[in-house]
Amino acid sequence: MTEDSRTHGFGDSSGDRTLPLTRRGVLAAGAVGVLASGSATARTDGGEEDGDEEDDGDGPPFAPGDHDHSGERGSTARLGDAAPVESITARTITAENVNDVRHVHAGDWDDRLQAEIDAAAAEAEREVVVHGNGVFEPTTTVFLPDDLTLTIDEGVRLVPPSDHELAEIETGNRTYRTLITNADHDDGNEAVAVEGGYVSFENVDWDELSHAPVWFHNCVSPRQEGVTVEDVMYDYGSADGTRQFGVYITESEGGIQRRCVARRVGYDGIANRGYGSTRNPKIIGCEAYDIPGTGIQIAGDVRNQSTPSDAPYLDEYVIRECKTDAYITVHSGGDGASDGLIEDNDARMISLIADGPFDNVTIRNNVVSQLLVAIRDRITNLTIRGQQNRDGRQDGSIRLIGYGTPGVVDRLTIADCFSRDRTFLQNELHELTSVSDVRLLNNVFDPDHDDATFVDGAIEPHFGGDGAESDLQGVDIVANTIHDATVINEGVDTARLRDNTLVGANDSPGLRYDTSDLFVEATAPVDDSFPEAIQFEPDGPDEWWTFEFDIDEAGEYEVELETLFVSSYGTYELSVNGEQVDTIDFYAESFTRDTITYVLELAEGTNTVRFEAVGKNEESSDYNMALYYLNVPDAPVSGPAISSRPVPRLLNNGRGTNEGDPSDEGEWHGYAPFAEQSNALVRDTTTDDWYRAVDGDWMRL
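Fair warning: this is a prediction, and the values are worked out from it, not measured in the lab.

Let us now look at a nonpolar patch on the surface. On the surface, Val694, Met699 and Leu701 cluster together to form a nonpolar patch covering roughly 240 Å² of accessible area. Mapping methionine 699 onto the fold places it in strand E64 (residues 697-700). Residue methionine 699 is classed as partly exposed on the basis of its relative accessible area, which comes to 37%.

Shown next, in the form of structure tokens:
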């Protein structure tokens with residue numbers, strides 16, 4: 001403690017003064033009856049807000065009040081707070097042992113704290129408590145041994161002065177200046193912990209050194225809980241290249257950071273990073289605000305890129321229930337990462353950066369403005385579920401970014417998410433990047449933009465150019481609700497669409513017609529005795545039946561046919577107003593009721609739907625077919641629906657088109673395995689012949 005901050009008795013309004021004990025300090029003192037003349041001090045020279053100042057409300061978004069340093073949004077301990085017990089006004093506790101817990105006043109940080117910590121370790125005592133209420137100016141670093149917790153009262157505000165003697169500790173390729181750390185950085189420590197307290201480095205010059213005020217390195221089961229760190233050299237991106245951290249753990253196993261807060265820190269607010277291995281790190285319930293770099297981060301050894309070893313350096317990591325107006329970031333590190341969970345967070349952005357391979361990552365139930373996946377290596381089995389878009393201001397809710405190095409994503413699932421941005425999934429892949437087996441399931445896309453796209457590869461990528469250089473392979477778009485947006489706009493090589501709901505801005509629910517009421521004529525018997533369905537019963541091909549319905553306004557409509565697939569049904573050609581639309585094989589091994597959706601150009605007035613039998617599946621026992629209902633909106637779709645032209649191979653409800661015989665030419669030539677896996681029918685647009693892939697080859701039906 002600097003000499004000018006030591007107390008010499010009761011001070012006047014212009015000098016130093018002693019401070020009352022917190023309730024915790026008083027109770028601890030009373031337990032042993034040890035009270036001595038005060039040596040606690042507090043700075044009153046204007047370096048801290050006075051107790052009457054109120055928060056101006058201009059802090060960063062969703063930040064707690066500027067004076068809440070407990071990490072728990074509790075009441076703030078401020079200079080001059082009244083003592084909980086008024087009869088004790090200017091006393092403090094000397095270092096004493098109460099039930100195997102040592103008590104030291106914050107005013108004795110420099111003189112006694114380290115000695116009491118060492119004595120506690122020698123006596124196998126597990127906790128040292130620092131009491132006080134006010135601003136204190138420690139000048140020296142404290143080092144924690146194995147199995148010891150340093151607990152700091154919430155009223156203790158630690159603000160080292162400019163003439164400090166804080167330790168400078170070198171590790172890896174960087175030297176850090178720190179206030180609280182573990183004792184043995186070379187051989188490591190176990191079960192070290194710090195609980196509570198507030199640290200500000202506002203007076204500590206950077207001197208070309210990095211800072212980490214509360215830092216544990218090379219530990220097993222370290223813990224940092226309820227710690228607040230502020231004003232740590234706000235120099236992010238400076239030419240000198242120093243990096244400033246707030247609450248920090250490196251190269252450790254089983255590290256936990258819980259309910260910590262970081263504000264105005266120049267690089268990472270709260271971080272658990274590897275300069276070697278990082279096993280089972282957890283960051284839970286923490287907050288970070290006004291951070292120019294990353295608010296909250298878990299990272300492997302990012303210096304070591306793309307040199308995988310037998311086991312990942314980063315595994316079983318968790319970031320949960322955190323808040324930040326900056327980024328939440330996970331770096332895999334060059335040796336890879338596995339089994340990660342990022343859930344229930346609230347952040348401006350979540351970024352997953354594959355410096356090395358990632359395996360089994362789950363990102364779920366987060367509220368973010370954007371999620372970024374940077375692909376510099378391999379990612380296997382990435383699941384994004386339940387993401388809620390914050391504001392609709394971004395170009396892309398989920399961005400896939402490739403770089404000038406080989407990168408692969410295999411199995412990407414995006415499910416149950418909601419977005420109002422311009423693009424739901426944005427492809428910004430470099431030509432060296434490959435993404436396959438993409439599943440978009442049960443998402444809701446309701447953009448606040450006129451030119452929105454559900455999947456887009458035409459937006460200028462981060463590395464420049466006109467659009468994505470690599471297309472997504474094998475995209476399943478299933479059971480999504482898409483409002484007034486193009487489904488795909490480039491950047492996709494093969495896609496399957498099924499059971500999606502496309503909603504135009506002016507769409508209304510429309511009408512549901514019983515097809516029995518729309519039936520006009522048929523060339524073979526019709527059975528209308530069923531409760532809902534009407535069945536056509538021809539003896540062979542070349543038989544047909546027709547239906548009619550009226551439309552008030554010409555335009556493009558999304559029409560749904562509710563129909564039946566069974567083992568005795570045939571193959572039919574569907575035409576609307578004389579234009580062929582599709583060929584449908586109604587055969588199925590078991591009774592299956594399903595809905596087929598088409599976007600059709602309908603005329604004002606009467607429109608005619610015709611089904612003509614053209615054959616049957618070789619497994620089918622007959623040529624029949626049946627219909628239940630026809631669903632037609634009241635008005636045309638006001639926005640674009642499916643933009644299939646830029647997608648070379650698009651299956652909409654199992655149907656696709658090819659220019660020519662796919663055995664010899666066209667978009668589907670060479671893609672028989674994908675079509676067979678999809679149970680697809682592909683129509684030759686030059687001859688109207690239909691093809692199915694069987695045993696890896698195309699077969700004309």
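Read on for the rest.
Given 3.6 residues per turn, any residue in an α-helix points the same way as the ones three and four places further on. Taking 1.5 Å as the rise per residue, helix H2 (residues 109-122) with 14 residues should run 20 Å; its terminal C-alpha atoms sit 19 Å apart, in good agreement. Of all the positions in H2, only Trp109, Asp110, Leu113, Glu116, Ile117 and Ala120 are classed as buried. Projected onto a plane normal to the axis of H2, the buried residues spread over an arc of 150° and lie on a single side. Turned more than 90 degrees away from the buried face of H2, the exposed residues are Asp111 and Ala122. On its buried face, H2 sits against strand E4 (101-105), strand E5 (127-131), strand E7 (142-144), strand E8 (149-152), strand E9 (156-158) and strand E12 (180-182). A positive backbone phi angle near 60° is found at alanine 124, which sits one or two residues after H2.

So, on to the sheet that holds strand E55 (residues 571-576). Picture the strands of a sheet paired through backbone hydrogen bonds; they go either parallel or antiparallel. Reading across from one edge, E50-E53-E58-E55-E56 is the order of the five strands in this open sheet, with antiparallel pairing throughout. The outermost strands of the open sheet, each flanked by one partner alone, are strand E50 (519-522) and strand E56 (579-585). Each strand axis lies, on average, 20° off the axis of its neighbour in the sheet, ignoring direction. Pairing of E55 with strand E58 (residues 605-615), which is carried by six bridges, proceeds in the antiparallel orientation. Bridge assignment links leucine 574 to a residue of E58, and that residue is phenylalanine 611.

Glancing now at the nonpolar core. Among the nonpolar cores identified, the biggest contains 93 residues, and Leu150, Ile180, Leu425 and Leu440 are the most heavily contacted of them. For leucine 425, the residues in contact, after removing those within four places along its chain, are Ile398, Leu400, Ile414, Val438, Leu440, Phe454, Val455, Asp456 and Leu472. Grouped together as the second largest cluster of nonpolar side chains are 36 residues, Ala524, Ile551, Val609 and Tyr629 included.

Another point: the packing of aromatic side chains. Per the stated rule, a full pass over the model turns up 20 aromatic pairs. Both rings, one in phenylalanine 519 and one in tryptophan 545, keep their centres 6.2 Å apart while their planes meet at 55°; by these two values the pair is tilted. In this pair, phenylalanine 519 sits in strand E50 while tryptophan 545 sits in strand E53 (residues 544-551), placing the two residues 26 residues apart along the sequence. A centroid spacing of 5.0 Å and a plane angle of 10° characterise the contact between phenylalanine 536 and tryptophan 545, whose relative ring orientation is stacked. Exposure class is identical for phenylalanine 536 and tryptophan 545. Each is buried.

Turning our eyes to something else, we now look at the pattern of salt bridges. On inspection of all chains with the given rule, the structure shows 31 salt bridges. Measuring nitrogen to oxygen at the nearest pair gives 2.6 Å for the salt bridge that ties arginine 102 to glutamate 125. Of this pair, arginine 102 sits in strand E4 while glutamate 125 sits in the loop between H2 and E5, and the two are 23 residues apart along the sequence. By relative accessible area, arginine 102 is classed as buried at 14%. Judged by its relative accessible area of 7%, glutamate 125 is buried. The partner of arginine 512 in a salt bridge is glutamate 562, and the shortest N-O contact between them spans 2.8 Å.

Along the chain, the position of arginine 683 falls in strand E62 (residues 681-684). Assessed through its relative accessible area of 15%, arginine 683 is described here as buried. Those residues in contact with arginine 683 that lie beyond four places of it in its chain are Gln580, Gly656, Thr657, Asn658, Asp688, Asp689 and Trp690.

Right, let's talk about the pairing of strand E30 (residues 323-331) for a bit. Extensive coverage of E30 is indicated by the burial of seven of its nine residues. Alignment of strand E27 (residues 287-289) against E30, held across two bridges, turns out to be parallel. Following the sheet pairing, alanine 288 is matched in E30 by threonine 324. Here strand E28 (residues 294-299) runs beside E30; their pairing, made up of five bridges, is parallel. For alanine 299, the partnering residue across the bridge sits in E30 and is histidine 331. Note: E30 against strand E32 (residues 346-354), seven bridges, orientation parallel. Bridging from a neighbouring strand, threonine 329 pairs with serine 351 of E32.

You will see that alanine 124, though not glycine, has its phi angle at about 60°, which is positive. With respect to the helices and strands, alanine 124 occurs in the loop between H2 and E5.

So, on to the pairing of strand E31 (residues 337-343). In terms of burial, E31 is a largely internal element, six of the seven residues being buried. By the bridge criterion, six bridges tie strand E29 (residues 314-320) to E31 in an arrangement that is parallel. What sits directly across from isoleucine 319, in E31, is isoleucine 342. With six bridges connecting them, E31 and strand E33 (residues 358-364) associate as parallel partners.

Criteria and thresholds
- Residues numbered from 1 in each chain as written.
- Predicted model: local features only at pLDDT ≥ 70, side-chain atom pairs only at ≥ 80, totals over all residues.
- Heavy atoms only, no water.
- Patch = residues over 30% accessible without salt bridge, like charges linked within 9 Å, V, L, I, M, F, W, Y side chains within 5 Å.
- Areas by Shrake-Rupley, 256 points an atom, 1.4 Å probe, with all protein chains shown as cover.
- Salt bridge = Lys/Arg side-chain N within 4 Å of Asp/Glu carboxyl O.
- Helix = DSSP H or I, 4+ residues; strand = E, 2+ residues; numbered from the N terminus.
- Buried < 20%, exposed > 50% of the residue type's maximum accessible area, 1.4 Å probe, protein only.
- Expected span 1.5 Å × (residues − 1).
- Arc of directions from axis to C-beta.
- Contact = heavy atoms within 4.5 Å.
- Pairing = 2+ DSSP bridges.
- Axes fitted to C-alpha atoms, helices over the stretch in contact; angles between N-to-C directions.
- Core = buried A, V, L, I, M, F, W, Y, C linked by side-chain atoms within 4.5 Å.
- Phe/Tyr/Trp six-rings, centres within 6.5 Å; stacked < 30°, edge-to-face > 60°.

Scope: geometric values only; no functional claims are made or implied.
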